[in-house]
Amino acid sequence: MISQVNVSAATPMGATLVDGGGATFRAWAPRASAVYINGTFGGTARVGQTDDLLLAKDANGYWSGFVTEAQEGDFYHFWVTGNGSSGYKRDPYARELATDVVFPNCSCIIRSATAYPWHDSAFMTPDFTNMIVYQIHIGTYAISKSGTASTFLDVVGKIPYLVALGINVLQPLPVDEVETDPSMGYDGADYFSPDLPYIVTDAGALAQHLTTINALLQAKTLRPLSLNDIKSGPAQLRALVDLCHVYGIAVIFDVVYNHAGGFTVDGKLDDECVYYWDRAVNRGNNNDSLYFTDQDRGTGGLSFALWNSDVRQFIINNARYYIDEFYADGFRYDEISDLISMNCDSGWSFCCDLTNTLRFIKPRLLQNAEFWPGEVGNYPKSAPSIVTSVHDGGAGFDVLQHDGLRGALRGAVESSAAGQQAAIDFDSIARALYPVAHHRLPPQYQLRLLFPLCSPLNSCCKAPTRRHRATLPGMA
């Protein structure tokens, strides 16, 4: 069943549909002794560890093969045999996870990268001088039924409100699959798969959303979508980005490259996740875990092994995926301070590679680094160096972000709870909005950001867990 037809050094990672039929599969498992593809292809179940399901390994530890019968919507899994264990592993590049079995033991789904019919050819990302960024949490922003997360398509229904609000950039919290729901999204483990609760699977609900979508398209005299166009999770996320673009709103994705999730579900090890993906022997040293190191600064997961070029490429591929397949207008990078601290020289050079590569791919891309000046004592870098171009010795980001404004606002809200005689420090809010250094900035560096003060997942009565303060080139 497996062949090397359509396989080359340029074969993409994961499952990729091929023009003319079939799909290629490619995975990185340098220390594995065997990697098999299992699944249901063209209606026929193919399961087991037999030669006709065995992928071929190249000199760099990449396993590849072509399955003629594979098609859009088919379920699949990798079976990995290593020195430490054997068993199924989810595809780290899976575009969508299935609901055939409860997560984390579910299958992956083959999805097209190009099937969605975009409508946004006239859209252009706003200039950095005119960005008003609005951050939302997909699962709590547009809840229509108690106890159920809101979805990508629920947020589509809010687009007229967002337009009326006056924003022109939407920034969802991380949208990739996490190991604990509900979640803020910062414990991701499947970096290419939309979070399952954000996907509409009920046929009746999907039809209602289609009516909303097509009304929005009709108002702009654009062609309607069909149910098939929005059936998959990736298609529903594309529809959100597409409709935002149609209505003049850019979309910036929040990505977490300083660490991955905790690799446990309900207190048990998620044996099928990216952790120890090639199933090497686990002696308790996370430096042996292929993608990660033993560094963890309390971020909720392990640092990526950024000294390793293959790991770096995995992350850069993820960013490219959001640009190429979801037409991302920018990124908000979680805790670059921690990334640099835990990786030092390799972390710094990774940032340079990341920002330079993405700027080449999409020059108008906004690259916003969450960076706390003075936090990285073991590898000190100044705020200006983060937003200095790579050519001039910097990390190449456009913007810095930390929690000064949000902290000031929360402090004022907390103080007001003391009653009419409470002393409220409005000066701290003013200083956060217009710090002294800000007056030295020319207008082209001004970026306005709107963030909710709190959400059901992050009470303002507790210490903040995410940071939301924008700092631009030239700010201390």
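Reading guide: rules and limits
- Per chain, residues are indexed from 1 in the order of the written sequence.
- pLDDT decides what is reported in this predicted model: residues at 70 or higher carry local features, side-chain atom pairs at 80 or more are listed and counted, and totals for whole chains, interfaces and linings draw on all residues regardless.
- Only hydrogens and water are removed before side-chain values are computed, so all heavy atoms of the structure are retained for them.
- Under the DSSP-based scheme used, a helix requires at least four consecutive residues in state H or I and a strand at least two consecutive residues in state E, with every element numbered from the N terminus.
- Residue exposure (1.4 Å probe, protein chains only): buried if accessible area is under 20% of the type maximum, exposed if over 50%, otherwise partly exposed.
- In this description, one arc is meant: the one made by directions from the helix axis to the C-beta atoms.
- The contact rule is simple, with two residues in contact once any of their heavy atoms fall within 4.5 Å.
- Throughout this description, the term salt bridge denotes a Lys or Arg side-chain nitrogen within 4 Å of a carboxyl oxygen of Asp or Glu.
- Think of a nonpolar core as a cluster: buried Ala, Val, Leu, Ile, Met, Phe, Trp, Tyr and Cys residues, connected wherever their side-chain atoms sit within 4.5 Å.
- The predictor rates its confidence in each residue with pLDDT, a number between 0 and 100.
- Two strands are counted as paired when DSSP detects at least two bridges linking them.
- Aromatic pairs are defined between Phe, Tyr and Trp rings, using the six-membered ring for Trp, whenever the two ring centres lie within 6.5 Å; interplanar angles under 30 degrees are classed as stacked, those over 60 as edge-to-face, and all others as tilted.
- A positively charged side chain is recorded as over a ring if its NZ (Lys) or CZ (Arg) lies within 6 Å of the ring centre. The angle to the ring normal must also be within 35 degrees.

Let's talk about unusual backbone geometry
Between Phe103 and Pro104 the backbone carries a cis peptide bond, its omega angle lying at 20 degrees. A cis amide bond links Asp181 with the next residue in sequence, Pro182, at an omega value of 0 degrees. By the element assignment, Pro182 lies in the loop between β14 (176-178) and β15 (188-194). If you check the backbone angles, Phe263 has positive phi at about 65 degrees while not being a glycine. Note on placement: Phe263 falls in the loop between β16 (250-255) and β17 (264-265).

Describing helix α10 (residues 426-433)
Those residues of α10 that sit buried are Ser428, Ile429 and Ala432. Take α10 and look down its axis: the buried residues cluster within an arc of 100 degrees, on one side only. Facing away from the buried side of α10 by over 90 degrees, the exposed positions are Phe426, Asp427 and Arg431. Those residues of α10 hidden inside the fold are in contact with α9 (404-416).

Examining the pattern of salt bridges
On inspection of all chains with the given rule, the structure shows 18 salt bridges. We note a salt bridge from Arg90 to Asp190, for which the minimum N-O separation is 2.9 Å. Residue Arg90 is found in the loop between β9 (86-89) and β10 (96-97), and its partner Asp190 is found in strand β15; the two are separated by 100 residues along the sequence. Residues Arg90 and Asp190 agree in their burial class; the two are buried. Of the charged contacts, one joins Asp254 and Arg332 as a salt bridge, the two residues approaching to 3.1 Å between their closest N and O atoms. On the criterion of sequence distance, the pair formed by Asp254 in strand β16 and Arg332 in strand β19 (residues 330-333) is long-range, its members being 78 residues apart. Taken as a pair, Asp254 and Arg332 share a single burial class, namely buried. A network of salt bridges, in which partner residues are shared, links Asp254, Arg332, Asp334 and Glu370.

Let's talk about the nonpolar core
In terms of nonpolar packing, the biggest core is built from 120 residues, with Phe25, Tyr76, Phe78, Phe253, Phe331 and Ile340 touching the most fellow members. Sequence-distant contacts of Ile340, defined by excluding residues within four places in its chain, comprise Trp348, Cys351, Phe371, Val376, Tyr379 and Ile386. Formed by eight residues, the second largest nonpolar core is a distinct cluster that contains Phe123, Val133, Val169 and Leu366.

Comments concerning the confidence of the model for the protein
On average, the protein scores 90 in pLDDT, and the residues at 70 or more come to 90%. Predicted confidence is poor over residues 436-448, with pLDDT under 50, and the contacts of this stretch with residues over four places away or in other chains come to 28 contacts. Of the regions scoring below 50 in pLDDT, residues 450-476 engages in 93 contacts with residues more than four places distant in sequence or in other chains.

Focus: the pairing of strand β7 (residues 62-67)
In terms of residue burial, β7 counts as a mostly covered element, since six of its six residues are buried. Side chains Tyr62, Ser64 and Phe66 of β7 all project onto a buried face; the interleaved residues Trp63, Gly65 and Val67 project onto the opposite face, where all are buried too. By the bridge criterion, two bridges tie strand β1 (residues 2-3) to β7 in an arrangement that is antiparallel. Bridging across to β7, Ile2 finds its partner in Val67. With six bridges joining them, strand β3 (residues 23-28) and β7 adopt antiparallel strand pairing. Counted as the bridge partner of Trp28 is Tyr62 from β7.

Examining the packing of aromatic side chains
Per the counting criterion, the structure on display carries 33 aromatic pairs. Taking the centre distance of 6.0 Å and the plane angle of 75 degrees together, the rings of Tyr134 and Tyr141 count as edge-to-face. Seen from their ring centres, Tyr275 and Tyr276 are 4.9 Å apart, and the 85 degrees between their planes marks the pair as edge-to-face. Stacked on the ring of Tyr247, the Lys or Arg Lys220 has its end atom at 4.6 Å from the ring centre.

Here we look at the environment of Asp176
Within the fold, Asp176 resides in strand β14. For Asp176 and Val255, which are 79 residues apart along the polypeptide, the C-alpha to C-alpha distance reads 8.7 Å. Those residues in contact with Asp176, other than ones at most four positions away along the chain, are Gly188, Ala189, Asp190, Tyr191, Ser193, Pro194, Asp195 and Tyr322.

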